[in-house]
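A structural walkthrough
Chain residues, written in single-letter form:
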Amino acid sequence: QSVLTQPPSASGTPGQRVTISCSGSSSHIGSSYVYWYQQLPGTAPKLLIYRSNQRPSGVPDRFSGSKSGTSASLAISGLRSEDEADYYCSTWDDSLSGWVFGGGTKLTVL
Amino acid sequence: EVQLVQSGAEVKEPGESLKISCKGSGYSFTSYWIAWVCQMPGKGLEWMGIIHPGDSRTRYSPTFQGQVTMSVDKSISTTYLQWSSLKASDTAMYYCARLSSTSASATFPEHWFGPWGQGTLVTVSS
């Protein structure tokens, strides 16, 4: 059971906008930045969003992050087939004094 | 280019010991914490702990404290993850990742994992 709750799956058709949620509590999401990672099939995870809403260089502006209270969201607009991957949210947990991850959301592009 | 290159896949029997590695290049190796993250087959990511290559300070997740040992050899820019007695439940993909942030004075909550190594698959089976 992951500390952060994500839907196990999400889907959309090419060109659509999809959002993936990540919920937690005041001891982690509520008090820290949220980070999002993309894991393409058979590869290592890659940073997608840092500091809740910042994109590293090289990440398309189709990807955006937001946070409100104890929840966060990743939005992907103009969905493409290459976006099919697992997406994980992560944050610092004050109770653990370490990082926690969501269970991951498998995005399918129909 | 910042790179982390991990050692190859391992197949071991229960009770055996194992040490896997993660070699950093393209940056000041002793200035950045290295994290280890595991991913059991078909499952999500789990943070195991971190090590500072500069002075070998470590912080372990309670789940992994006492189960694994992290170490470093600065002379070859390599960090290690070690087991003294493997169990079948240790079967997983293990990733190393550099802890990064926007400033040198950032606190841990302001750090993220990246870049990542390619992963080392550890299979423990009799």
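In this report, the structure presented in the accompanying data block is examined. Just so it is clear, the structure is predicted and the values come from calculations on it, not from any experiment.

Let's shift gears to the overall build of chain A. Summing up its helical and strand segments, chain A has zero helices and nine strands in all. Starting at the N terminus and walking to the C terminus, you meet the elements of chain A as β-β-β-β-β-β-β-β-β. Overall, chain A is about 40 × 30 × 25 Å in size when its C-alpha atoms are taken along their principal axes. Looking at chain A as a whole, 46% of its 110 residues qualify as buried. Carbon and sulfur atoms form 45% of the exposed surface of chain A, whose accessible area is close to 4,900 Å². Of note, chain A has its 8 positive side-chain charges centred 6 Å away from the centre of its 7 negative side-chain charges.

To continue, consider the state of the cysteines. All chains considered together, the criterion is met by two disulfides over all chains. Each disulfide pairs two cysteine sulfurs, and for Cys22 of chain A the partner residue is Cys89 of chain A, the sulfurs being separated by 2.0 Å. Note on the Cys22 of chain A and Cys89 of chain A pair: the S-S dihedral is about 75°, so by sign convention the disulfide is right-handed. Here Cys22 of chain A is found in strand E2 (residues 18-23), whereas its partner Cys89 of chain A is found in strand E7 (residues 85-93), with 67 residues between them in sequence. On the accessibility criterion, Cys89 of chain A (0% relative accessible area) is buried. Here Cys22 of chain B engages in a disulfide with Cys96 of chain B; their sulfurs sit 2.0 Å apart. For the disulfide bridge between Cys22 of chain B and Cys96 of chain B, the dihedral angle about the S-S bond is near 80°, and by the sign convention the bridge is right-handed.

With that out of the way, let us pick up the environment of Arg59 of chain B. By the secondary structure assignment, Arg59 of chain B is in strand E6 (residues 58-60). Each C-alpha atom of the pair Arg59 of chain B and Gly49 of chain B lies 5.4 Å from the other, and the pair is 10 residues apart in sequence.

This part is about the interface of chain B and chain A. Buried accessible area, meaning the area lost when the parts come together, often serves as the stated size of an interface. Taken together, the contacts link 23 residues of chain B with 20 residues of chain A. A buried area of about 1,900 Å², summed over both sides, lies between chain B and chain A, and 67% of it is on carbon and sulfur atoms. Inspection of the region where chain B meets chain A yields one salt bridge. Of the charged contacts, one joins Arg51 of chain A and Glu110 of chain B as a salt bridge, the two residues approaching to 3.5 Å between their closest N and O atoms. Counting only elements with at least two residues in the side of chain B that touches chain A, the list comes to strand E4 (34-39), strand E5 (45-51), strand E9 (92-100) and strand E10 (112-116) of chain B.

Rules of the game
Residues numbered from 1 in each chain as written. Chains lettered and ligands numbered in written order. Predicted model: local features only at pLDDT ≥ 70, side-chain atom pairs only at ≥ 80, totals over all residues. Heavy atoms only, no water. Helix = DSSP H or I, 4+ residues; strand = E, 2+ residues; numbered from the N terminus. Buried < 20%, exposed > 50% of the residue type's maximum accessible area, 1.4 Å probe, protein only. Areas by Shrake-Rupley, 256 points an atom, 1.4 Å probe, with all protein chains shown as cover. Lys, Arg positive; Asp, Glu negative; His and termini not counted. Charge placed at Lys NZ, Arg CZ, Asp CG, Glu CD. Disulfide = S-S within 2.5 Å. Contact = heavy atoms within 4.5 Å. Buried area = accessible area lost by both parts, 1.4 Å probe. Salt bridge = Lys/Arg side-chain N within 4 Å of Asp/Glu carboxyl O.

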